[in-house]
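Residues per chain, in single letters:
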Amino acid sequence: MTDGGFELTLPATAENVMVVRQAVAGLGEALSLSGSRIADLKTVVTEACNNVVLHAYDDEPGPLQVTAVPGDEQLEIHVADEGHGFRPRAKDGDASLGLGLPLIAALSDSFEISGGARQGSRTTIRFGYAPPDFSNNGTHTQAPKELAMAIPPGVMVRPVLARVMGALAARAEFSVDRLADTMLLGDAVSSSGEGDFSDGRVGISITDGDGALGVRVGPLVTGAGERLMAEMDVPGAGSLRSLASSMEIAKGETPQGEAAEFLVFEVER
Amino acid sequence: MAPNRGSFAGVRTGELALERNDAGMAVLTISGEHDLSTAPNLRRRLDSLLAERTPVVIDLSPATFIDSSILGVILEGRRRAADAGIGFAVVHSNGADAVDRVLEVTGLRAELPVHSRREEALSEVSGSSGKPPE
């Protein structure tokens, strides 16, 4: 199912959207899509074209370009214009952008809009031949129970991690002193180097508990956890470790199933 | 552009039909394909019915396609009718999959709500304080 497809260029008018819709319906029939999937395809393409007609040209004439490229599993559709991008414009009674984009999102596998002011816009839609699964009521992923970050090692780690930990501590109503302690621990973790992490990225997950933050750093290469803890000791001034209510090295696995270790600590309010 | 353009290549372009019953209610029946190009006509018809305070049932059953601009006109009509205390209801009875799907995905089947029988829709608007029967 990789042959065929079409390219269509026509004036961007409301009356021409129907022409495009019939073209994709014909293509859907040629691809032996089910009746309901052809209906979805018509909706998705209509809404993408509506955005061009309504928002690209400020009532000036301009082209609407539609390309449909059938692949093995899905149809890739590009809807493009040479206008000035999707300017927010209130039009009397126009609810198209209110419901149009959610319709495209719900009925296609994925879509993206690119472009910007004075360079035209392009909506790319990947439309699976099989309908999307609505059986989970539109909730496609489980909400994460914790915050997980992966940051390339370098100058970004310290400011990003310190701010995230500070924000979570503030939300958990930590005192100013405990907030400062938390950010100090974040700084200490930030000092770990690229070689400490199994996959070369600084991985940190933070659980926002009742008045406490649980932090898990890793996966680390063997020995890196001990090294990080040792670096928290300040000669003659105790250890930053004491700012945490608990700190330990835990054994675990990388996402690839390889043995790894994690530095796990908790900070309380 | 004329609102009613008939049919070609098996495609029924958008048509609107208005019926009035003895109780002073109007049924606006939408058939064929409706989109951005026919939305202004639907809006005009709805505007004039609401201006004369006529309770309205929109029957989508013979429609083969509607897009978000049509949904927008229906939602706007419903809002204006509610503000003015005029009956307004939508029915889709054994109609096209394409219309079913759009109502379902947008959540409007429950939100409007959309009745599955015209009698139900008429019964809903009959309790409204629209124009008294002549």
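Here is a short report on the structure shown in this document.

Definitions and limits used
- Residues numbered from 1 in each chain as written.
- Chains lettered and ligands numbered in written order.
- Predicted model: local features only at pLDDT ≥ 70, side-chain atom pairs only at ≥ 80, totals over all residues.
- Pairing = 2+ DSSP bridges.
- Helix = DSSP H or I, 4+ residues; strand = E, 2+ residues; numbered from the N terminus.
- Axes fitted to C-alpha atoms, helices over the stretch in contact; angles between N-to-C directions.
- Contact = placed C-beta atoms within 7 Å.
- Buried ≥ 20, exposed ≤ 12 C-beta atoms within 10 Å, placed from the backbone.
- Arc of directions from axis to C-beta.
- Nonpolar A, V, L, I, M, F, W, Y, C, P; charged D, E, K, R; others polar.

### Some points on the sheet that holds strand β10 (residues 259–268) of chain A
All names here are of chain A. Strand order in the open sheet formed by five strands is β6-β7-β8-β10-β9, with antiparallel pairing between adjacent strands. The sheet terminates laterally at β6 (147–151) and β9 (246–253), the two strands that pair on one side only. For this sheet, the mean inter-axis angle between neighbouring strands, taken without regard to orientation, is 20°. Across seven bridges, the pairing between strand β8 (residues 212–220) and β10 is antiparallel. Within the sheet, the bridge partner assigned to Ala212 lies in β10 and is Glu268. The sheet contacts of helix α4 (residues 157–171) involve β6, β7 (202–208) and β8, and relative to β7 the element is tilted by about 5°. Where helix α6 (residues 224–231) meets the sheet, it contacts β8, β9 and β10, and its direction lies at approximately 35° from that of β10.

### Observations regarding the environment of Gly28(A)
All names here are of chain A. In this structure, Gly28 sits in helix α1 (residues 14–30). Using a count of 24 C-beta atoms within 10 Å as the deciding quantity, one classes Gly28 as buried. Each C-alpha atom of the pair Gly28 and Pro70 lies 9.7 Å from the other, and the pair is 42 residues apart in sequence.

### Here's the deal with the sheet that holds strand β2 (residues 63–70) of chain A
Strands in a sheet are paired, the pairing made by backbone hydrogen bonds, and the direction either parallel or antiparallel. Residue and element names in this part refer to chain A. The strand order across the open sheet formed by five strands is β1-β2-β3-β5-β4, and the pairing between neighbours is antiparallel. At either end of the open sheet lies a strand with only one pairing partner, and these are β1 (6–11) and β4 (110–115). Geometrically, the sheet is characterised by an average inter-axis angle of 15° between neighbouring strands, direction not taken into account. One ladder, built from seven bridges, connects β2 with strand β3 (residues 74–81); its direction is antiparallel. Looking across to β3, one finds that Pro70 is bridged to Leu75. Across the sheet, α1 touches β1 and β2, and the angle it forms with β1 is around 170°. Contacting β2, β3 and β5 (121–128), helix α2 (residues 35–55) runs over the sheet at an angle of about 175° to β5.

### Details of α6(A)
In an α-helix, one turn spans 3.6 residues, which is why side chains three or four residues apart end up on the same side. Residues and elements named next belong to chain A. The complete set of buried residues in α6 reads Ala224, Gly225 and Leu228. Within α6, the buried residues cover an arc of 100° as seen down the axis, which keeps them to one side. Lining the buried residues of α6 we find α5 (176–190), β8, β9 and β10.

### A closer look at the interface of chain B and chain A
Facing 22 residues of chain B, the contacting portion of chain A comprises 26 residues. Sorting the residues of the side of chain B that touches chain A by element identifies α2 (68–84) and α3 (97–105) of chain B as the ones contributing at least two each. Ranked by residues supplied to the side of chain B that touches chain A, first place goes to α2(B) with seven residues. Residue composition of the side of chain B that touches chain A, grouped by class: ten nonpolar, five polar and seven charged.

### Description of the environment of Val102(B)
Counting through the fold element by element, Val102(B) comes out in helix α3. A residue is classified by how many C-beta atoms lie within 10 Å of it, and Val102(B), with 29 of them, is buried. The spatial distance from the C-alpha of Val102(B) to the C-alpha of Leu71(B) is 9.1 Å, given a sequence separation of 31 residues. Here Val102(B) is in contact with Thr43(A), Leu103(A) and Ile66(B), once residues within four sequence places are set aside.

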